[in-house]
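In case you want the letters, here they are:
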Amino acid sequence: MDAVEDVKSRLNVEDVIAEYVQLKRAGRNFKGLSPFGNEKTPSFMVSPEKQIWHDFSSGRGGNIFSFIMEVEGLDFKGALELLARKAGVDLEQYRTKSSGQRGQQKERLYEIMDQAANFYQVQLTKNNEALKYVREKREFSKQTILTWRLGYAPNNFDSATRYLRSKGYTDQELKSAGISILRRGTLGDMFRERIMIPLADAQGRVIGFTARLLRDIPDAPKYINTPQTPLYDKGRHVYGLHLAKEMIRKSAYVVVAEGNLDVIASHQAGVTQVVASAGTAMTEMHLRELKRFTGDIRLAFDQDQAGLSASERVIPLASKVGVALSIVTIQGAKDPDELIRRNVNDWQEAITKPIYAFDWLIERYAKSFNISTGIGKRQFVDTILVAIRSLNDTVEQKHYLQKVAERVGVSSEALEDRLRGATAEKRTKKITHLPEPVLSTVAPERKRHVDHLMSLVLLQPKLRVALSDIKSEMLYGVAPRALLQFLKDTPDFAGDPKSLADLHDHAEYVKILTFIYEELYAGLEISELRAEATRLQTRVIEDYIKDEKNRLAGELTDASDEQVTKLLKQARKLDVLRGKLTKE
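Residues numbered from 1 in each chain as written. Predicted model: local features only at pLDDT ≥ 70, side-chain atom pairs only at ≥ 80, totals over all residues. Heavy atoms only, no water.

1. Quick notes on the sheet that holds strand β15 (residues 324-327)
Then, number 1: Strand order across the open sheet formed by five strands is β13-β12-β14-β15-β16, with mixed pairing between neighbours. Two strands close off the open sheet at either side, each with one partner strand: β13 (274-276) and β16 (355-356).
Then, number 2: Judged from the four bridges that link them, strand β12 (residues 254-257) and strand β14 (residues 296-300) form a sheet pairing that is parallel. Bridge pairing links valine 256 to leucine 299 in β14. (Pairing = 2+ DSSP bridges. Helix = DSSP H or I, 4+ residues; strand = E, 2+ residues; numbered from the N terminus.)

What follows is the structure in structure tokens.
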């Protein structure tokens, strides 16, 4: 038995999911409200018998690992580690000697960081000046201080170092954790006379600290962070995500502030879908981490020049990662914290009315250049074109070229010529159709139509005529395509999922399809099932035609003459397919 099977054997899917979703018995299964949206009628189902879950509202489903990956925003390795802890499985027994040693060393560092956070919390209660800062100046409640584990590093050379040594940790471990550093050949504390803000990973484990000066000191940095360690990577860590992720999923957007204290203030005020990057240095990895939870990212950086410039730098990164970026405008305050203290309702309104990043950028540049003059127009266009080139979506490029053209009073064709001239290599770049879309980008409706159709044809051989016009490229992923090929290769398959030896790699998908059939279609007359299969066949083909038309429209913008001919030929084939559907 490997580690995955060991964990599965010890955990029941309903017990794991019940920690996140309130489940109620529904016959042999359990039902609850989807954790991936704000629904009023329960559509989230769990099958103890099959050890799977399926969300009928979003089309997502799988086993305990896929669920934890979805709700916690983890990769498979992270989900395995989390579930192994729940199950009491020691993963070291499944690792090689070297990887096992690294795992043990990492666990020791987690212990050190937790002990350090406890130490700093106790020190905060002993220092009146530090307590006064967080309670009176920052206006944080006692509960907020406890929730975020705020602390204080005393102004001693090695108080934290000596405390952690007494707990049995070595000097090398303390240096690796970033708690202690060498000063003039002697090991001492990294942080002194600072308010300590623990940095936690997505699971809530402390991995580092941001430390703020208790009082301003000339030439001393106001904030310092834990250096790069095996646990902490400034370019990846998103502050507050462990406490914000539930509301991010429910609201379907995330607000990124500049400072840790902005995040704490917002959460205390009840607005909890708020996180922070490490200052203004937001990276591609930050965006990818947030994309695990939502594709709608709203920046609420400070309204000074540094904050505005930082917002501008994130725009090309967002296009590369594939998220929708917008900018929150803070009126009458320098940062979110100040706005929240003035009126939390103004903060709530601001984050619900962001400006899409490129619209914001155009307005920002229009104010920077005098576009009533020829020179100003040229500077404005040159600057904007640099940003537009960073957009990967050609339809979006065309939209903003037209918008800029209207602002400066020229034709959009003239701007397109300038854009193409600057990116001539794109004209000869081979256009390839990517048949395997990322699952998270597939529209829930399209996924539902495919899964429901495949559940019918899998369990009801008489309905497989509905596959006659279904091609592999019309389906959204590996498992549905593998099943389609299997059913076409074995038309006499009797419909017993247990005999699907050729689909062993997609056993979870087969279980989900069986689950869907049992919940939606069991007990219906064959005539009703046939009508539903025909309807779903049509919807699957229509979804495919719509997506392909959108793709072709985008690719035509930057296509060469030769490529245009090929793309138009593909479009005509889609029109023929659509005409066939209309006749039927």
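The rest of the description comes next.
2. Overview of unusual backbone geometry
Then, number 1: Despite not being glycine, glutamate 193 shows a phi value in the positive range, around 55 degrees.
Then, number 2: Its location among the elements puts glutamate 193 in the loop between β8 (186-189) and β9 (194-200).
Then, number 3: One non-glycine residue, alanine 252, adopts positive backbone phi at about 70 degrees.
Then, number 4: Among the structural elements, alanine 252 can be located in the loop between α10 (241-251) and β12.

3. Describing the pattern of salt bridges
Then, number 1: All chains considered together, the criterion is met by 36 salt bridges.
Then, number 2: Across the pair lysine 8 and glutamate 508 runs a salt bridge whose closest N-O atoms are separated by 3.5 Å. Taken as a pair, lysine 8 in helix α1 (residues 3-10) and glutamate 508 in helix α23 (residues 507-520) lie far apart in primary sequence, 500 residues in all.
Then, number 3: Notably, a salt bridge pairs aspartate 158 with arginine 162, separated by 2.9 Å at the nearest N-O pair.
Then, number 4: Put simply, Arg28, Glu49, Lys50 and Glu518 are held in one network by salt bridges that share partners. (Salt bridge = Lys/Arg side-chain N within 4 Å of Asp/Glu carboxyl O.)

4. Observations concerning the environment of isoleucine 384
Then, number 1: With respect to the element layout, isoleucine 384 can be found in helix α17 (residues 374-389).
Then, number 2: The buried category is assigned to isoleucine 384, whose relative accessible area is 1%.
Then, number 3: Along the backbone, isoleucine 384 and phenylalanine 358 are 26 residues apart, and their C-alpha atoms lie at a distance of 9.3 Å.
Then, number 4: Each residue touching isoleucine 384, except ones within four places of it in the same chain, is listed here: Leu361, Ile362, Tyr365 and Val404. (Buried < 20%, exposed > 50% of the residue type's maximum accessible area, 1.4 Å probe, protein only. Contact = heavy atoms within 4.5 Å.)

5. A short note on the pairing of β14
Then, number 1: Of all five residues in β14, four are buried; the element is thus mostly enclosed.
Then, number 2: In this sheet, β15 lies alongside β14 in parallel orientation, the contact comprising four bridges. By the bridge assignment for β15, aspartate 296 is matched with alanine 324.
Then, number 3: With helix α13 (residues 305-321) bridging β14 and its parallel neighbour β15, the resulting β-α-β unit is right-handed. (Right-handed = clockwise from strand over helix to strand, strands pointing away.)

6. Some points on the packing of helix α12 (residues 284-291) against α13
Then, number 1: Contact geometry for α12 and α13: axes closest at 9 Å, N-to-C directions at 50 degrees. Taken as axis vectors, α12 and α13 run oblique relative to one another. The chirality of how α12 crosses α13 is right-handed. The residues of α13 that touch α12, namely those facing Glu284, Leu287, Arg288 and Lys291, are Val314, Leu317, Ala318, Lys320 and Val321.
Then, number 2: Tallied by class, the residues present in the contact of α12 with α13 amount to five nonpolar, no polar and four charged. (Axes fitted to C-alpha atoms, helices over the stretch in contact; angles between N-to-C directions. Parallel < 35°, antiparallel > 145°, perpendicular 65-115°, else oblique. Left-handed = near helix turned anticlockwise from the far one by under 90°. Nonpolar A, V, L, I, M, F, W, Y, C, P; charged D, E, K, R; others polar.)

7. Details of the side chain of serine 66
Then, number 1: With respect to the helices and strands, serine 66 occurs in helix α3 (residues 64-72).
Then, number 2: With near-sequence residues (within four places) excluded, serine 66 lies in contact with Trp53 and Gly61.

8. Some details on the side chain of lysine 50
Then, number 1: With respect to the helices and strands, lysine 50 occurs in the loop between β3 (44-47) and β4 (52-55).
Then, number 2: Once residues within four sequence positions are removed from consideration, lysine 50 is found in contact with Lys511, Thr514, Phe515 and Glu518.

9. Side note on α17
Then, number 1: Taking 1.5 Å of rise per residue, 16 residues should cover 22 Å, and α17 covers 22 Å from first to last C-alpha, within 8% of that figure.
Then, number 2: For α17, the set of buried residues is Gly376, Phe380, Val381, Ile384, Leu385, Ala387 and Ile388. All buried residues of α17 project into a common sector of 155 degrees when viewed along the axis, lining one side. Pointing more than 90 degrees away from the buried face of α17 are the exposed residues Ile375 and Val386. (Expected span 1.5 Å × (residues − 1). Arc of directions from axis to C-beta.)

10. So, the sheet that holds β9
Then, number 1: Taken together, the four strands give an open sheet; going across it, the order is β6-β9-β10-β11, and neighbouring strands pair in antiparallel fashion. Looking at strand neighbours, the two that pair on one side only are β6 (151-153) and β11 (223-225), the edges of this open sheet. With direction set aside, neighbouring strand axes in the sheet form an average angle of 35 degrees.
Then, number 2: Alignment of β9 against strand β10 (residues 206-213), held across seven bridges, turns out to be antiparallel. Looking across to β10, one finds that alanine 200 is bridged to valine 206.

11. Here we look at the pairing of strand β7 (residues 180-183)
Then, number 1: Note: β7 against β8, four bridges, orientation antiparallel. Across the sheet, the residue bridging to arginine 183 is threonine 186, located in β8.
Then, number 2: Counted along the chain from β7 to the antiparallel partner β8, the turn is two residues long, and its residue arginine 184 has a positive phi close to 50 degrees.

12. Digging into the packing of aromatic side chains
Centre distance and the angle of the planes are the two values used to describe a pair of aromatic rings.
Then, number 1: As enumerated under the stated definition, the model contains 14 aromatic pairs in all.
Then, number 2: Consider the rings of phenylalanine 44 and tryptophan 53, whose centres lie 5.5 Å apart with planes at 20 degrees: the pair is stacked. Pair check on accessibility: phenylalanine 44 and tryptophan 53 agree, each one buried.
Then, number 3: Taken together, a centroid distance of 5.6 Å and an interplanar angle of 65 degrees make the contact between phenylalanine 119 and tyrosine 120 edge-to-face.
Then, number 4: Using a relative accessible area of 2% as the deciding quantity, one classes tyrosine 120 as buried.
Then, number 5: By the ring-pair criterion, three or more aromatic residues cluster together here, those being Tyr20, Phe36, Phe44, Trp53 and Phe67. (Phe/Tyr/Trp six-rings, centres within 6.5 Å; stacked < 30°, edge-to-face > 60°.)

13. Some thoughts on the confidence of the model for the protein
Then, number 1: Here the protein averages 85 in pLDDT, while 89% of its residues score no lower than 70.
Then, number 2: Below pLDDT 50 for its whole length, residues 423-441 participates in 26 contacts with residues either more than four positions away or in separate chains. (pLDDT = per-residue confidence, 0-100.)

14. Comments concerning helix α22 (residues 478-489)
Then, number 1: Helix length check: α22 (12 residues) gives 16 Å between terminal C-alpha atoms against 16 Å at 1.5 Å per residue, within 8%.
Then, number 2: Those residues of α22 not exposed but buried are Ala479, Pro480, Arg481, Leu483, Leu484, Phe486 and Leu487.
Then, number 3: Of the surrounding elements, those touching the buried residues of α22 are α21 (444-459) and α23.

15. Some thoughts on the environment of serine 141
Then, number 1: Mapped onto the elements of the fold, serine 141 is located in the loop between α6 (128-137) and α7 (142-147).
Then, number 2: A residue is classified by how much of its surface remains accessible, and serine 141, at 29% relative accessible area, is partly exposed.
Then, number 3: Through-space distance from the C-alpha of serine 141 to that of glutamine 268 is 8.0 Å; in sequence the pair is 127 residues apart.
Then, number 4: Not counting residues up to four positions away in its chain, the partners in contact with serine 141 are Arg135 and Gln268.

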